[in-house]
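As a plain string of letters, each chain reads:
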Amino acid sequence: MSFLAWSSCLATLVVVSQCARIRIDVGSNGAPALIYTPRTVTAQVGDIVDFHFIDENAASSVVRGIAGAPCTPYPAKKEGFFNSGFILGEPTGSNVFSVEVNETTPIPIYCSVGGHCRAGMVGYINPGQGDFEAYASGAAALSKNEPPPMVPQTGGVYQQGVENGLIVITFVNAPSGGGGKGGKGGHQWGYGW
Ligand SMILES: [Cu+2]
């Protein structure tokens, strides 16, 4: 989903420039490390949320969750599911996983690595009143770690660089299933945006 969505956003940018990109940092190299920053964002339909993996000491992930059931994945076969897979961060934030927001439904997100979700690695896109707080307190109250979802990874994590004035995208974690197009092993695209 993410790469194709990101491509359509690119087209939108070129043609009418309506698409906004919203950054969320995944993890940190300070304390607390197991956190999304910011923890909640507001996005319009068509906006892209870019998850920048920051933490160089611990891999994390971004998985769509279910309201009312913290730390468990949204059904993988349903439209709108996303799962970055486990990604080790990089301090400048150049490792990015992108998700297009295609709905106005509040979307909980969590990290599926070990006990990260219970430890507070939760967030929300377009939360209603109290949604985030309820999800976070529910996650903290879990008595054991949820296993990582046995579901396909979607999209791909790419690294942004600049060559000859173009932003060059190199996949560092190509998609293993679900949507998205990506080359394994450093397939590159160059775009002038
Ligand atoms: Cu994590």
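Residues numbered from 1 in each chain as written. Predicted model: local features only at pLDDT ≥ 70, side-chain atom pairs only at ≥ 80, totals over all residues.

As annotated in an unreviewed UniProt entry, the chain is Extracellular serine-rich protein from Apiospora kogelbergensis.

For the rest of this paragraph, the subject is the overall build of the chain. Helix and strand content of the chain: two helices and 14 strands. Summarising the internal contacts of the chain: among those between residues at least 6 apart in sequence, 67% fall at separations of at least 24. (Helix = DSSP H or I, 4+ residues; strand = E, 2+ residues; numbered from the N terminus. Contact = placed C-beta atoms within 7 Å.)

With respect to topology, five strands assemble into an open sheet ordered β3-β11-β10-β6-β7, the strand pairing being mixed. Unpaired on one side and paired on the other, β3 (40–41) and β7 (69–73) mark the two borders of the sheet. Two elements, strand β6 (residues 63–66) and strand β10 (residues 107–110), share two bridges in a ladder whose sense is antiparallel. Residue pairing across strands places Arg64 opposite Ile109, the latter belonging to β10. (Pairing = 2+ DSSP bridges.)

On to the pairing of β10. Covered by surrounding structure in β10 are Ile107 and Ile109 together with Pro108 and Tyr110, the residues of both alternating faces. Bridge count between β10 and strand β11 (residues 122–125): four bridges; the pairing is antiparallel. When the sheet's bridge partners are listed, Tyr110 is paired in β11 with Val122. (Buried ≥ 20, exposed ≤ 12 C-beta atoms within 10 Å, placed from the backbone.)

What follows covers the pairing of strand β1 (residues 21–26). Pairing of β1 with strand β4 (residues 48–53) involves six bridges; the strand directions are parallel. Across the sheet, Ile22 pairs through a bridge with Val49, a residue of β4. Pairing between β1 and strand β2 (residues 36–37): two bridges, direction antiparallel. Following the sheet pairing, Asp25 is matched in β2 by Thr37.

To continue, consider the nonpolar core. Membership of the largest hydrophobic core comes to 32 residues, with the highest contact counts inside it found for Phe51, Ile109, Tyr110, Met121 and Val122. Those elements giving two or more residues to this core turn out to be β1, β4, β9 (95–100), β10, β11 and α2 (131–140). A per-element tally of this core places β4 first, with four residues. Excluding residues within four positions of it along the chain, Tyr110 makes contact with Val63, Gly65, Pro70, Cys71, Cys117, Met121, Val122 and Ala139. (Core = buried A, V, L, I, M, F, W, Y, C linked by C-beta atoms within 7 Å.)

The set of residues buried in α2 consists of Tyr135, Ala136 and Ala139. In an axial view of α2, the angular spread of the buried residues amounts to 95 degrees, which keeps them on one side of the axis. Looking at α2, the residues exposed on the side facing more than 90 degrees away from the buried face are Glu133 and Ser137. Where α2 is buried, its residues contact β7, β10 and β11. (Arc of directions from axis to C-beta.)

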